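Coordinate analysis (summary)
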Amino acid sequence: MKSFTTLTLLLIAQGICMAQTPIYKNKKAPTESRVEDLLKRMTLDEKILQLNQGTVGDNNNPNNNGFKKPSFAEGIGSLIDFSADPAFRNSIQKRAMEETRLGIPILFGYDVIHGFRTVYPISLAQGCSFNTELVQQMCAVSAKETKLSGVDWTFSPMIDVARDPRWGRVSEGYGEDPYTNAMFGVASVRGYQGNQLDAPYSIAACLKHFVGYGMSEGGRDYHYADISPQSLWETYMVPYQAGIKAGAATVMSGFNDISGIPASANHYTLTEVLKNRWSHDGFVVSDWGSVEQLMAQGVAKDRKEAGLKAFMAGVDMDMEDDVYSQNLKQLITEKKIPMTRIDDAVKRVLRIKFRLGLFDSPYTPIVEQRYLQPESKVVAQQLAAESMVLLKNDQHILPITAATSKIALVGPLAKDQEDLLGNWHAHGEAADITTILDGLQKEFGQKVQFNYAKGCAFDGTDESLIAEAVEAARKSDIIIACIGEKAGWTGENTSRSTIALPAIQEKLIAELKKTGKPLVLILGNGRPLELMRLQPMADAILEMWQPGITAGDALASILSGRVNPSGKLDITFPLTTGQIPTYYDMRQAARPYSGKYQDIPTDPLYWFGYGLSYTNFNYAPIQLSSASIRKNQKLTATVEVKNTGATTGKEAVLWYISAPASSISRPMKELKYFEKKEIAAGTKIIYKFELDPIRDLSFPDADGKRHLEAGTFTLMAGDQKIKFELTD
Ligand code: GLC
């Protein structure tokens, strides 16, 4: 009897306790129940606060310093945290959890683009690896460093298709191809977010900058973007649709406008497509000040109108410019904004916070040894090496042979550190970088004497250092010249009128060439470069990009032949700036064999997909499961690739389609699948592509509806191509 009474009392006590604990604080309750319960408890002021983002720490983005000093209202929805100090972050979070009425946690965000403290290759380089598994792994490891630093949300991946390398932000995405950006965007989302957002090291991803930012006219950042509805769907929307399908938690609206309607005030893209058609149930954050900037873009007469337009278009959270905190309440009073829209936006923000587990685990565990861990460095070096692209290798001058005993190592990047981090390197530190000289000395040991000379600065007119470099070359067997760009020459607000390197660097190469010694160019850059004058002077060219902390190690592993280069360009290298835009999936010209430049060749120097290896890969004819398929049938294509050389290597097979005459003119060819495998010397491997006509052969119309038209298609891989019929 006694035990029964005790049990009864316990159950009653539990019942009372449950009744007193609000549903939103019950970690066992379904997320949507917690969202709804919390929402109905919130005042209008508390709701509006959730739709604002402030900053803490020292804002290191010079393009945004003028906007706002770091201060924020208690109970604010989100903070960009520049501090990398989890204890500092926890102190702020503690105030939000314990000193505000409802204890709603703050969402801490930051730009982790290619690493937090362990810096990996820039994204444009990552895309050249055509290894999405490795990039997913990198993002997962990077997310751990990020989470342990107090940041729950990264403003990454940037998946803006870019075809104008004058635009400095080309470095931040995965190149010119919609499918490549889509696949690496998906890999990044999966890496950052893991299988569930509330896992210990998962962080929320943010697809940016929705949409069409890469089309900024003339490559001038923040500028007008004229995008036809056809191009919008065929090119710029593709990566975002894939990223949303992969479960990206958030989206950032862009600075650009889309043919007159700013991306941050574009109801069609932000609400009709993103939220209604694609059913995105996370939230949209503006870019820094992009709400206020609607005035500059000529669509808002004042901040209040800017807030109205952005919010009603579908921007849920306002980054940094305080337009929402200062105007939403008035707009509600004036009945210009309905409470249903406020509640929709607040629920989206709360939903991501609940999914991240912030209500139940609001604090960051303090782990002192959280940076530069062995697992990070292994991934960093493998990805750096697989991102490098061998563009030229006359007489197989590379890899460097044992006969070489003296190497002239010259150029502004030869001993550089900071610039090999690339732009947006978060809390990366120059001292973490293995320089090229250090990496080579480690790799080649005492077998090689390195004669180092800087040769010249990145730019300027000082030729006084060239003689020393020429002298170093004269007393060496081979010249390795490391030239390229400073980290700050790409990234935000870094557009350049030319993609040629400064004349002083070309002058250095020309003087080195006169020595007659074998000349290897190593390029460290964040955009395609104009190599029209440099390319003929070089015996070999390796595109190193900006490889991050293992720069010297990864480069040395390739120069020594320990690693066989496997990168392929994810962006075309025009012959000159004047050829821009030139990209692989252009539409067919009306007169394909004329309409060319009269003063220079019309073809670019290196096409998308180009990259050499130290071995040779021979593609056998493509085999098809059928020569003809109906629209509801799949087609299996295989190609046998043989490594006919003496060096094992990795080969990424890129599968392209070319469409027949259609109801609209279509790109000359379109990448639809890629896969990378290692093939041992002398062996062969079968690559397979399961072609789905709806996914791979259809095209969107100007409102995104897919159309599939019968006809004779061509499937290509390597130097092989085959036709097949698609019938109704
Ligand atoms: C910047 C960039 C954006 C970044 C944001 C926060 O201006 O445009 O890519 O995520 O502001 O730093």
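Residues numbered from 1 in each chain as written. Predicted model: local features only at pLDDT ≥ 70, side-chain atom pairs only at ≥ 80, totals over all residues. Heavy atoms only, no water.

**Section: the overall build of the protein chain**
Within the protein chain, the regular secondary structure consists of 19 helices and 27 strands. What you see for the protein chain is a C-alpha radius of gyration of 27 Å, in line with the 27 Å of a compact globule of 728 residues. The dimensions of the protein chain, computed from C-alpha atoms along their principal axes, are 95 × 65 × 60 Å. By the burial criterion, 59% of the 728 residues in the protein chain qualify as buried. As displayed, the protein chain has an accessible area near 27600 Å², and 53% of this comes from carbon and sulfur atoms. For the protein chain, the separation between the mean place of its 79 positive charges and that of its 84 negative charges on side chains is 4 Å. (Helix = DSSP H or I, 4+ residues; strand = E, 2+ residues; numbered from the N terminus. Rg over C-alpha atoms; globule rule 2.2 N^0.38 Å. Buried < 20%, exposed > 50% of the residue type's maximum accessible area, 1.4 Å probe, protein only. Areas by Shrake-Rupley, 256 points an atom, 1.4 Å probe, with all protein chains shown as cover. Lys, Arg positive; Asp, Glu negative; His and termini not counted. Charge placed at Lys NZ, Arg CZ, Asp CG, Glu CD.)

**Quick word on the pattern of salt bridges**
Taken as a whole and judged by the stated rule, the model has 49 salt bridges. Of the charged contacts, one joins K650 and E386 as a salt bridge, the two residues approaching to 2.6 Å between their closest N and O atoms. Here K650, found in strand β21 (residues 649–658), pairs with E386, found in helix α14 (residues 374–387); they are 264 residues apart in sequence, far enough to count as distant. Classification of K650 as partly exposed rests on a relative accessible area of 24%. E386 gets classed as buried once you look at its relative accessible area, which sits at 6%. Between E530 and R533 there is a salt bridge, with its nearest N and O atoms 2.7 Å apart. For E530, a relative accessible area of 8% translates into the label buried. Connected through salt bridges with shared partners, the residues K275, D316, R341, D344 and R348 form a single ionic network. (Salt bridge = Lys/Arg side-chain N within 4 Å of Asp/Glu carboxyl O.)

**A closer look at unusual backbone geometry**
A cis amide bond links S156 to the next residue, P157, at an omega of 10°. For P157, the location among the structural elements is in the loop between β4 (153–154) and α7 (178–193). The omega angle of the peptide bond from F210 to V211 is 0°, so this bond is cis rather than trans. Here V211 is to be found in the loop between β5 (206–210) and α8 (229–236). Even without glycine at this site, L372 takes up a positive phi of about 55°. By the element assignment, L372 lies in the loop between α13 (339–356) and α14. Take L372: its relative accessible area is 22%, and that puts it in the partly exposed class. In this structure, A426 takes a positive phi of about 50° despite not being glycine. Position of A426 relative to the elements: it lies in the loop between β12 (406–410) and α15 (436–444).

**A look at the domain arrangement of the protein chain**
Assigned domains within the protein chain: domain 1 (24–355), domain 2 (374–579) and domain 3 (617–727). Each of domain 1 and domain 2 was reduced to a C-alpha centroid, and the two centroids are 35 Å apart. The partner domain 2 presents 46 residues to the 54 residues of domain 1 that form the contact. Buried surface at the junction of domain 1 and domain 2, both sides included, amounts to about 3900 Å², of which 58% is carbon and sulfur. Contact with domain 2 buries surface across domain 1, with R117, V119 and C128 losing the most and accounting together for 15% of the total. Summed over the shared surface of domain 1 and domain 2, the number is 4 salt bridges. Where E429 meets R117, a salt bridge forms, and the shortest distance between an N and an O atom there is 3.4 Å. Put simply, domain 1 and domain 2 have 26 residue pairs in polar contact (both at pLDDT 80 or more) between them. (Domains from an automatic or database assignment. Contact = heavy atoms within 4.5 Å. Buried area = accessible area lost by both parts, 1.4 Å probe. Polar contact = N/O pair within 3.5 Å; in protein donor to acceptor, adjacent residues only side chain to side chain.)

**A look at the sheet that holds strand β10 (residues 318–319)**
On the basis of which strands lie adjacent, the open sheet formed by 5 strands has the order β4-β3-β2-β1-β10 and parallel pairing. The open sheet has two edge strands, β4 and β10, and neither has a second partner. Sheet analysis places strand β1 (residues 52–56) next to β10, joined by 2 bridges and oriented parallel. Among the inter-strand pairings, N52 is bridged to a residue of β10, identified as D318. (Pairing = 2+ DSSP bridges.)

**A closer look at helix α4 (residues 86–98)**
Between its terminal C-alpha atoms α4 stretches 18 Å, which fits the 18 Å expected from 13 residues at 1.5 Å a residue. Within α4 the residues assigned to the buried category are P86, R89, N90, I92, Q93, A96 and M97. Along the axis of α4, the buried positions cluster into a sector of 165°, meaning they face one direction only. Where α4 is buried, its residues contact β1, β2 (78–81) and β3 (107–110). Its side-chain oxygen 2.9 Å from the backbone nitrogen of A87, D85 forms the N-cap of α4. (Expected span 1.5 Å × (residues − 1). Arc of directions from axis to C-beta.)

**Section: the site of the ligand**
Near the ligand there are 14 residues, and of these D111, R169, K208, H209 and D287 occur at the shortest range. Here D111 contributes a side-chain N or O atom positioned 2.5 Å from an oxygen atom of the ligand. Within the side chain of R169, an N or O atom sits 2.8 Å from an oxygen atom of the ligand. Look at the ligand: alone it shows 310 Å² of surface, and the protein chains cover 100% of it. Of the residues assigned to the shell around the ligand, the class counts are 6 nonpolar, 3 polar and 5 charged. (Near = heavy atom within 4 Å. Nonpolar A, V, L, I, M, F, W, Y, C, P; charged D, E, K, R; others polar.)

**Describing the packing of helix α16 (residues 466–474) against helix α17 (residues 503–513)**
Between α16 and α17, the shortest axis-to-axis distance is 9 Å and the interhelical angle comes to 35°. Crossing of α16 over α17 shows right-handed handedness. In this structure, α16 uses I466, A469, V470 and A473 to contact α17, whose residues at the interface are I504, K507, L508, E511 and L512. Partitioned by chemical class, the residues of the contact of α16 with α17 number 7 nonpolar, no polar and 2 charged. (Axes fitted to C-alpha atoms, helices over the stretch in contact; angles between N-to-C directions. Left-handed = near helix turned anticlockwise from the far one by under 90°.)

**A short note on the packing of aromatic side chains**
One pass over the structure, following the stated rule, counts 30 aromatic pairs. Measuring from ring centre to ring centre gives 5.9 Å for F713 and F724, while their planes differ by 20°; the resulting arrangement is stacked. Separated by 11 residues along the polypeptide, F713 in strand β26 (residues 711–717) and F724 in strand β27 (residues 720–727) bring together distant segments of the chain. In this pair, the class of F713 matches that of F724, namely buried. For K669, the ring lying beneath its charged end belongs to Y656, and the centroid distance is 4.1 Å. (Phe/Tyr/Trp six-rings, centres within 6.5 Å; stacked < 30°, edge-to-face > 60°. Lys NZ or Arg CZ within 6 Å of the ring centre and 35° of its normal.)

**Quick word on the side chain of T250**
By the element assignment, T250 lies in strand β6 (residues 250–253). Note on T250: relative accessible area 0%, which makes it buried. Polar contacts involving the side chain of T250 include one to the main-chain carbonyl oxygen of A205, which spans 2.7 Å.

**Focus: the sheet that holds strand β16 (residues 540–543)**
Spatially, the 6 strands line up as an open sheet ordered β11-β16-β15-β14-β12-β13, and their pairing is mixed. Lying at the two open borders of the sheet, with one neighbouring strand each, are β11 (389–393) and β13 (449–453). This sheet shows a mean twist of 15° between the axes of neighbouring strands, independent of strand direction. For β11 and β16, the ladder comprises 4 bridges, and the chain directions are antiparallel. Each residue of the ladder has a partner; that of V389, found in β16, is E543. Across the sheet, α15 touches β12, β13 and β14 (478–484), and the angle it forms with β13 is around 175°.

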